[in-house]
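Coordinate inspection notes
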Amino acid sequence: MYSGAAAAAGPPRRDFISVTLGPEEAVGVGGYNNSKAWRRRSCWRKWKQLSRLQRSVILFLFAFLAVCGVISYTSMGEAWKSITNKSLDEQRTEQEIPGLKLANPAVLPAPQKADANHGDYPELSLQKPPKPPHVRRGPSNLQIKAPRRDMRLKIRHDTIRAVEELVEADKVEKTEKSIISWRGAVIEPDQSTEPPSSKIKEPEKPSSVEAEDQKEPVPINERQLAVIEAFRHAWKGYKDFAWGHDELKPLSKSYSEWFGLGLTLIDALDTMWILGLKEEFEEARKWVANDLVFDKNVDVNLFESTIRILGGLLSTYHLSGDSLFLEKAKDIGNRLMPAFKTPSKIPYSDVNIGRGTAHPPRWTSDSTVAEVTSIQLEFRELSRLTGDEKFQKAVDEVMKHVHTLSGKNDGLVPMFINTNSGQFTHLGVYTLGARADSYYEYLLKQWIQGGKKENELLEDYTKAIEGVKKHLLQRSEPKKLTFVGELAHGHFSAKMDHLVCFLPGTLALGAHNGLAADHMKLAEALIETCYQMYAQVETGLSPEIVHFNLHAQKGHKDVEIKPADRHNLLRPETVESLFYMYRFTGDKKYQDWGWEILQNFNRYTRVPTGGYTSINNVQNPSNPEPRDKMESFFLGETLKYMFLLFSDDIDLINLDKYVFNTEAHPLPIWVPA
Ligand code: DMJ
C-alpha cells in the first residue's frame with residue numbers, strides 16, 4: 001500500500017516524511033544533534049539520485065523487515081509471559097511441600113525455577129544432584145538458572161536445619177533442667193512422677209536425691225569388676241565385628257540383623273551407664289545421635305522393639321537426662337502406634353515402622369498374650385513424659401479388655417488372643433513360660449509404676465498367683481524342689497522353661513510392696529529351684545527347658561533335659577531373680593550363686609576374640625557347641641543384673657524408685673515410696 005501511494009503521488013517531500021528512517025535512526029544512534037545534520041542532507045541527496053525502482057526495492061525491504069520485527073516482538077512477549085506464570089506456579093507448589101513447611105517461605109530467597117519436575121523433591125536433588133537440564137536442552141535464558149536453583153535448595157535445606165536446630169535447642173533447654181550425676185546416684189530430670197492424664201510439669205528435683213548425693217559413693221567390689229570386665233569383653237566383640245547391627249556373631253566375627261536397628265547397642269546403653277563405662281557410653285550415644293534412623297521400611301515385632309528399644313531409650317533418658325534419648329523414644333513410640341489399629345484394639349504382632357502399617361503373623365490373626373500385655377510400662381511412661389495420652393490409652397485398653405475376658409483358669413491366661421474378636425484362643429493350656437510369662441510380671445509392675453492405685457491390676461495379679469499355687473506347683477524328687485509346671489487340658493506337665501525363673505524375683509518384689517508374706521516364701525523356694533537348674537547340669541549352665549522328676553529313681557537328679565532343650569541363650573531370668581532376692585533379704589548365698597553362674601558363662605560361652613556366645617549343649621563341658629550368637633539381652637539384662645546383684649548399694653537403682661521393664665530397663669515409679 002505504501003509503495004503504491006508513493007509512486008502515484010511522487011512528491012519527494014512526502015517520501016521523506018513517510019519513510020520510517022526517523023525512528024530507525026533514533027533507535028540506531030540514540031537521538032539527533034546538529035553535527036550530524038550534514039550527513040542527513042547528503043543521504044537525502046543520494047536517495048534522490050536512485051532510480052524509482054531502486055527506491056521501491058529498498059522501501060519494500062524496510063517494510064518487510066518492520067513487519068517481521070513486529071511479529072517476533074509479539075511472540076516473544078507471549079513466551080515471557082508463560083515463563084513468568086510457570087515460575088509463579090512452581091513457587092506456590094514448592095511452598096506447599098509438607099517437608100518444607102518448617103521453613104518460612106517469607107524468609108527464603110524468591111525461588112527461581114529451572115525445572116518443575118525436580119522442584120517437588122528438593123531432598124532428592126540435595127542427596128544426589130541431578131544433571132542440570134541446561135546441559136542438554138532448553139533456551140539459554142533457562143540454562144543459566146539451574147545451578148542457582150540448586151543453590152537455593154541448599155539454602156532452604158540449611159534454613160530448615162537451622163530452624164530444626166533452634167527448635168531442638170529450645171527443647172533441650174526446657175528438658176535439661178537439672179544436672180545429672182554419673183552412675184546410679186542419679187538426679188533425674190523428670191522425677192516429678194505425675195500420671196500422664198495431667199500435662200507434663202517442669203521437672204522437679206526430689207528431696208531424696210539431695211540426700212543420695214551427700215552419701216559416700218559405695219566402692220565397686222571385685223565381683224562387680226569381673227562383671228565390668230565381662231561387659232567390656234562382650235562389647236569389644238560387638239564393636240569390632242557388629243557395630244551398629246543387631247547382634248554379634250562372635251565366632252564368625254560378623255553380625256546378624258533382626259530389625260536392623262542396632263538392637264544390642266540400644267539394649268546396652270543403660271547397662272553402660274550403670275556400670276560406669278563412660279567412654280563406651282559416649283561412643284554409643286554418638287551412634288544413636290548420628291546413625292539411629294527409624295524411618296525404615298522394616299517389619300519389627302511390637303513387643304520386642306517396645307521392651308528393648310523403647311524401654312532402653314526411656315531408661316537411658318532417665319539415667320542420663322539426655323533429651324536425645326527421649327526424642328528417639330518418641331519417634332519409635334509413634335511409629336509403633338499403627339499396631340493398635342485392629343478391630344478389637346488388641347495389637348498386631350508386627351509393625352512396619354517406615355510405612356506405618358501393621359499386621360499379624362502370616363499364618364494367623366492371633367497375637368501372643370504375653371506380647372500384648374507386656375508393652376504397658378513403656379507406653380505409659382512415654383505418655384507421662386510427652387503429655388500425650390494416646391500411648392497410655394492404647395495399652396490400658398488392652399489391659400482392661402483382658403481383665404474382662406473369659407477363658408482364664410483361676411487367673412491363669414491362655415497363650416493366644418485374637419486380634420479380630422479380642423477373645424483368647426487355644427484355650428486350656430496354661431504356662432508361666434514362653435508366651436504368657438511377662439503378662440504376670442507386668443500386672444504387678446504396672447501396679448507399682450502407677451503408685452499402687454490400679455486395683456484391677458493387683459486383683460488380676462494376686463488371683464493369678466493363687467492360680468499358680470493351685471494348678472502349676474509341684475515338688476520334684478529327690479530334692480523336693482518346688483517348681484512351676486504347665487497345664488494342658490487338665491493334664492499336668494513337669495516341664496519348666498528357664499523363662500519362668502523371672503517369677504521368684506517378681507514374687508519377692510510383690511512381697512516387698514506389701515503383698516502376702518507367702519509370696520516371699522514361694523520366691524525363696526523357686527529361686528532355689530532355678531539355681532538347681534544350673535547346678536545340676538554338667539556345665540553349671542541351665543538349659544532352655546527342664547523336666548522335673550516327680551518320682552525318685554536311683555541315679556536320677558531332679559532335673560532331666562531333653563536333647564532339643566539343652567541349649568543356653570545367655571538368658572537373664574535366674575540372675576534377675578537372684579538380684580531381687582539379695583536386695584530384699586541380704587542373704588549372701590544369692591550373690592555366691594550368681595558368682596558361680598558368671599564363672600560358668602566365662603568358662604563355656606566366652607569367645608577369646610571378643611563377645612560371648614549362646615551354646616547348644618549345656619551337658620557337654622568339653623564341647624558345649626557354640627551357636628555363634630550373642631543375644632542383645634546378655635548385655636541389656638544378664639550382665640546388668642549380675643552387676644546389681646553384686647552391689648551392696650541399695651541406691652544403685654533403688655527398687656522403691658524404679659521398676660524394671662521385662663528387658664531390665666529401669667523406669668521411674670510415678671509415686672516413689
Ligand atoms: C528378654 O527379651 C526379656 O526378658 C523377655 O521378657 C523374655 N525373653 C528375653 C530374655 O530371656
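Residues numbered from 1 in each chain as written. Predicted model: local features only at pLDDT ≥ 70, side-chain atom pairs only at ≥ 80, totals over all residues. Heavy atoms only, no water.

1. What to know about the pattern of salt bridges
Rules: Any carboxyl oxygen of Asp or Glu within 4 Å of a side-chain nitrogen of Lys or Arg constitutes a salt bridge here. Segments assigned H or I by DSSP are reported as helices when at least four residues long, segments assigned E as strands when at least two residues long, and all are numbered from the N terminus. Only protein chains enter the area calculation, which uses a 1.4 Å probe; residues under 20% of their type maximum are buried, those over 50% are exposed, and those in between are partly exposed.
This model, assessed by the stated rule, comprises 29 salt bridges. One salt bridge in this structure joins Glu477 and Lys480, with 2.9 Å as the shortest N-O distance. The partner of Arg571 in a salt bridge is Glu544, and the shortest N-O contact between them spans 2.9 Å. Of the two residues, Arg571 sits in the loop between strand E16 (559-560) and helix H23 (573-585) while Glu544 sits in the loop between helix H22 (517-535) and strand E15 (545-548), which places them 27 residues apart along the sequence. Here Arg571 matches Glu544 in class, with each residue buried.

2. Let's talk about the sheet that holds strand E12 (residues 486-488)
How we decide: Any two strands with at least two DSSP-identified bridges between them are counted as paired. Contact between two residues is taken to exist if any of their heavy atoms lie within 4.5 Å; hydrogens are not considered. To obtain each axis, a line is fitted to C-alpha atoms, and for helices this fit is confined to the stretch in contact; angles are then taken between N-to-C directions over 0 to 180 degrees.
A sheet is described by the order of its strands in space; here 3 strands give the open sequence E9-E12-E13, paired in antiparallel fashion. In the strand order of this sheet, the two ends are held by strand E9 (429-430) and strand E13 (491-493), each with one partner. Where E12 lies against E13, 3 bridges are found, and the strand directions are antiparallel. Within the sheet, the bridge partner assigned to Glu486 lies in E13 and is Ser493. Sheet strands touched by helix H20 (residues 455-472): E9, E12 and E13. Its angle to E12, the strand with the most contacts, is close to 75°.

3. Notes on the state of the cysteines
To keep things clear, this is the line we draw: Disulfides are defined in this document as cysteine sulfur pairs within 2.5 Å.
Scanning the model with the defined rule gives 1 disulfide in all. In this model, Cys501 is linked to Cys530 through a disulfide, with the two sulfur atoms separated by 2.1 Å. Its torsion about the S-S bond being -100°, the disulfide of Cys501 and Cys530 is classed as left-handed. With Cys501 in the loop between strand E14 (495-497) and helix H21 (503-512) and Cys530 in helix H22, this residue pair connects regions lying 29 residues apart in the sequence.

4. Concerning the confidence of the model for the protein chain
Put simply, the test is: Scored from 0 to 100, pLDDT records how confident the predictor is in each individual residue.
Confidence in the prediction for the protein chain averages 79 pLDDT; 69% of positions are at 70 or higher. pLDDT under 50 marks residues 1-39. Its contacts with residues more than four places away, or in other chains, come to 22 contacts. Throughout residues 197-213 the model reports pLDDT below 50, and contacts reaching past four residues in sequence, or to other chains, amount to 31 contacts.

5. Here we look at the side chain of Thr342
Take Thr342: it is sitting in the loop between helix H15 (323-336) and strand E4 (350-352). Assessed through its relative accessible area of 9%, Thr342 is described here as buried. For Thr342, the residues in contact, after removing those within four places along its chain, are Pro347, Tyr348 and Thr419.

6. Some details on the packing of aromatic side chains
How we decide: Aromatic rings from Phe, Tyr and Trp, with only the six-membered ring used for Trp, were paired whenever their centres fell within 6.5 Å, and each pair was classed as stacked if the ring planes differed by under 30 degrees, edge-to-face if by over 60, and tilted otherwise.
Applying the stated criterion across every chain, the model contains 22 aromatic pairs. Between Phe483 and Phe492, the ring centres sit 6.1 Å apart and the planes meet at 45°, which makes this aromatic pair tilted. When its relative accessible area of 27% is taken as the criterion, Phe492 is described as partly exposed.

7. Brief notes about helix H17 (residues 376-386)
Within H17, 10 of the 11 residues are buried, which leaves it mostly tucked inside the rest of the structure. When we look at burial in H17, the residues that qualify are Gln376, Leu377, Glu378, Phe379, Arg380, Glu381, Leu382, Ser383, Arg384 and Leu385. Just downstream of H17, Gly387 is the residue with a positive phi angle, here 80°.

8. Regarding helix H14 (residues 302-320)
The following threshold applies: To estimate the expected span of a helix, subtract one from its residue number and multiply by 1.5 Å. To get the bend at any residue, fit one axis to the seven residues that end at it and another to the seven that begin at it, then take the angle between the two axes. Here a polar contact is recorded for every N or O atom pair within 3.5 Å, except that within protein the pair must consist of a potential hydrogen donor and a potential acceptor, and residues adjacent in sequence are included only if both atoms are side-chain atoms.
In a regular helix each residue adds 1.5 Å, so 19 residues correspond to 27 Å; H14 covers 25 Å between its end C-alpha atoms and thus fits that length. Residue Gly311 marks the point of greatest curvature in H14, where the axis turns by about 30°. Of all 19 residues in H14, 19 are buried; the element is thus mostly enclosed. A side-chain oxygen of the first residue of H14 lies 3.0 Å from the backbone nitrogen of Phe303; this N-cap is Asn301. Where H14 ends, the next residue or the one after it, Gly321, has phi of about 75°, a positive value.

9. A short note on the UniProt feature "binding site: Ca(2+)" (unreviewed entry) in the protein chain
Our working definition: UniProt positions are given in the numbering used here, feature names are shortened, and annotations may be inferred rather than shown by experiment.
When the UniProt feature table is mapped onto this chain, "binding site: Ca(2+)" (unreviewed entry) is found at Thr662. Along the chain, the position of Thr662 falls in the loop between strand E17 (658-660) and strand E18 (666-668). Assessed through its relative accessible area of 15%, Thr662 is described here as buried. If near-sequence neighbours (up to four positions away) are discounted, Thr662 is found in contact with Phe303, Ile307, Ser438, Glu441, Tyr442 and Glu637. Among the polar contacts made by the side chain of Thr662, one reaches the side chain of Glu441 at a distance of 2.9 Å.

10. Some remarks on the packing of helix H24 (residues 588-604) against helix H25 (residues 632-645)
We apply this condition: Oblique is the label for any angle not covered by the other classes, which are roughly parallel (under 35 degrees), roughly antiparallel (over 145) and roughly perpendicular (65 to 115). Should the near helix be turned anticlockwise from the far one by less than a right angle, the crossing is left-handed, and should it be turned clockwise, the crossing is right-handed. Gly is put with the polar residues, along with every residue not named as nonpolar or charged; the nonpolar set is Ala, Val, Leu, Ile, Met, Phe, Trp, Tyr, Cys and Pro, and the charged set is Asp, Glu, Lys and Arg.
Viewed as axis vectors pointing N to C, H24 and H25 meet at an angle of 140°, and their least axial separation amounts to 9 Å. As far as their axial angle goes, H25 and H24 are oblique. For H24 against H25, the interelement crossing comes out left-handed. Contacts between H24 and H25 involve Tyr590, Gln591, Gly594, Ile597, Leu598 and Phe601 on the former and, on the latter, Phe634, Thr638, Leu639, Met642 and Leu645. Across the contact of H24 with H25, the residue classes break down as 8 nonpolar, 3 polar and no charged.

11. Observations concerning the site of the ligand
This is how the line gets drawn: Whether a residue is near a molecule or strand depends on its heavy atoms: if one lies within 4 Å, it is near. Accessibility throughout is a Shrake-Rupley quantity obtained with a 1.4 Å probe, and a residue counts as covered only by protein chains that appear here.
Surrounding the ligand, one finds Ile307, Arg308, Leu499, Arg571, Pro572, Glu573, Phe633, Glu637, Thr662 and Glu663. Here an oxygen atom of the ligand and a side-chain polar atom of Arg308 are 3.4 Å apart. Residue Glu637 places a side-chain N or O atom 2.8 Å away from an oxygen atom belonging to the ligand. Contact with the protein chains covers 91% of the free accessible surface of the ligand, which is 290 Å².

12. Focus: the sheet that holds strand E5 (residues 357-359)
Spatially, the 3 strands line up as an open sheet ordered E3-E4-E5, and their pairing is antiparallel. On the outer flanks of this sheet lie strand E3 (299-301) and E5, each paired with one strand and no other. Between one strand axis and the next, the sheet turns by 30° as a mean value, whatever way the strands run. As paired elements, E3 and E4 share 3 bridges and run antiparallel to each other. For Val300, the partnering residue across the bridge sits in E4 and is Val351. Running over the sheet, H14 touches E3 and E4 and is turned about 75° from E3.

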